[in-house]
Amino acid sequence: MLAATPIGNTEDASAHLRRLLAEADVVAAEDTRRLRALAARLGVEIGGRVLSFHEHNEVERSAEVLAVVAGGGTVVVVTDAGMPAVSDPGFRVVGAAVAAGLPVTAAPGPSAVLTALALSGLPTDRFCFEGFPPRKPGERARAFELLADERRTMVFFEAPHRLDDTLAAMAVAFGADRPAAVCRELTKTYEEIVRGPLADLVAWASADQVRGEIVVVVGGAVNAVELSTADLVAEVLSRTDAGDRLKDAVAEVAAAAGVPKRDLYAAALAAKPR
């Protein structure tokens, strides 16, 4: 069981989370001290065993967690804030549970990604989550260059001490006038949303030391080169010639181009040599 925890405001904790903490056989926590502090604020007594479960021991601890589930027990995985497995521990144990045929479910709740997206004022109909950008300047610049023509709204996490450098690199790759929003300390007392062109956000971040948990939301490219159906079909067929399945190639090309998969699949199928 993956259980979302508050990203700032304790009042966002669900009744489901409270019950799970009280009743689960094992609570696997990214930081056991933070878990106990959260439980104290919620007025909940943790009923089962508390297990340290973080990025450095997830692989080793997964076997122990799965053994409990296989034996009929309930394990709840929680992280310091938000939904496990989203830039946090949990992904590996879910994969292992699925591979072993064991049940996996979730107690949904607060999400920094969705909260920032909703508050950004940018389009929410299509978006992608890119996690933390690379730390090294060269790798970060290359990663942003690959995203320069991305049409979907993009959501990133970033550490406060790297924010000004990241925003500056975004301004170079995406353009100084690309709309964006920096969302700081979401749901907390000092929540702050700063919106504007990337150039303005660079100046804002450089003028003062920004503190707290940071989510950066960047608008998608609106002037990306429009590719014709023939161009897209050619790309699909090139990928299938290289060994990709037609369905997979269509899905990837359609997602990148922002076109319906069904239409592109039909066009590619019609053009594919018999």
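Just so we're clear, the structure is a prediction, and the values are computed from it rather than from any experiment.

Turning our attention to the packing of aromatic side chains. In this description, a pair of aromatic rings is defined by centroid distance and the angle of the planes. Scanning the entire structure with this criterion turns up 4 aromatic pairs. Between Phe129 and Phe157, the aromatic rings sit 5.0 Å apart at their centres with planes inclined by 65 degrees, giving edge-to-face as the arrangement. Here the residue Phe129 occupies a position in strand E6 (residues 127–131), and Phe157 occupies one in strand E7 (residues 153–158), the gap between them amounting to 28 residues. Residue class for Phe129 comes out partly exposed when judged on its relative accessible area of 29%. Among the residues examined, Phe157 registers a relative accessible area of 13% and is labelled buried.

Attention now moves to the UniProt feature "domain: RsmI HTH" (unreviewed entry) in the chain. Taken from the UniProt record, the annotation "domain: RsmI HTH" (unreviewed entry) applies to residues 230–272. Summarising residues 230–272: 81% helix, 0% strand, and an end-to-end C-alpha distance of 12 Å.

The next thing to look at is the nonpolar core. Phe156, Leu163, Leu167, Met170, Phe174, Val216 and Val218 are the most contacted members of the largest nonpolar core, which has 23 residues in total. Going through the elements one at a time, E7, helix H7 (163–174), strand E8 (179–184), helix H8 (198–207) and strand E10 (214–218) are the ones with two or more residues in this core. Looking at this core, the element that brings in the most residues is H7, giving 6 residues. Not counting residues within four places of it along the chain, the set of residues in contact with Val216 comprises Met154, Val155, Phe156, Leu163, Leu167, Met170, Ala181 and Val182. Residues Leu17, Ala29, Ile46 and Ala107 belong to the second largest nonpolar core, which totals 18 residues.

Before going further, it helps to examine the UniProt feature "domain: Tetrapyrrole methylase" (unreviewed entry) in the chain. Under the local residue numbering, the UniProt record ascribes the feature "domain: Tetrapyrrole methylase" (unreviewed entry) to residues 3–201. In this annotation, residues 3–201 is assigned 39% helix and 19% strand; the end-to-end C-alpha distance for the span is 34 Å.

Here Thr153 lies in strand E7. At 2.6 Å, the side chain of Thr153 forms a polar contact with the backbone oxygen of Pro123. Discounting chain neighbours no more than four positions away, the residues touching Thr153 are Leu117, Leu122, Pro123, Arg126, Phe127, Cys128, Val217, Val218, Gly219 and Gly220.

This part takes up unusual backbone geometry. We note that Glu185 has phi near 55 degrees; this positive angle belongs to a residue other than glycine. Following the sequence through the fold, Glu185 ends up in the loop between E8 and strand E9 (192–197). A positive phi angle is found at Thr187, which is not glycine, with a value near 70 degrees. Among the secondary structure elements, Thr187 is positioned in the loop between E8 and E9.

Rules behind the numbers
Numbers given for residues are sequential positions, taken from 1 along each chain in its written order. With pLDDT at 70 or above as the cut-off, local features in this predicted model cover only qualifying residues; side-chain atom pairs require 80 or more to be listed or tallied, and sums for whole chains, interfaces and linings still use all residues. By convention in this description, side-chain values take in all heavy atoms of the structure and omit both hydrogens and water. Note on ring pairs: Phe, Tyr and Trp rings are taken, using the six-membered ring of Trp, and paired if centres are within 6.5 Å. Classes follow the plane angle, with under 30 degrees stacked, over 60 edge-to-face and the rest tilted. The helix and strand labels rest on DSSP assignments: H or I over at least four residues marks a helix, E over at least two residues marks a strand, and numbering proceeds from the N terminus. In this scheme, a residue with accessible area under 20% of its type's maximum is buried, one over 50% is exposed, and one in between is partly exposed, where area comes from a 1.4 Å probe on protein chains only. UniProt positions are given in the numbering used here, feature names are shortened, and annotations may be inferred rather than shown by experiment. Residues belong to one nonpolar core when they are buried, are Ala, Val, Leu, Ile, Met, Phe, Trp, Tyr or Cys, and are joined through side-chain atoms within 4.5 Å. Only heavy atoms enter the contact rule, under which two residues are in contact if any of them lie within 4.5 Å. What qualifies as a polar contact is a pair of N or O atoms within 3.5 Å, subject to a donor-acceptor requirement within protein and to the restriction that residues adjacent in sequence count only when both atoms come from side chains.

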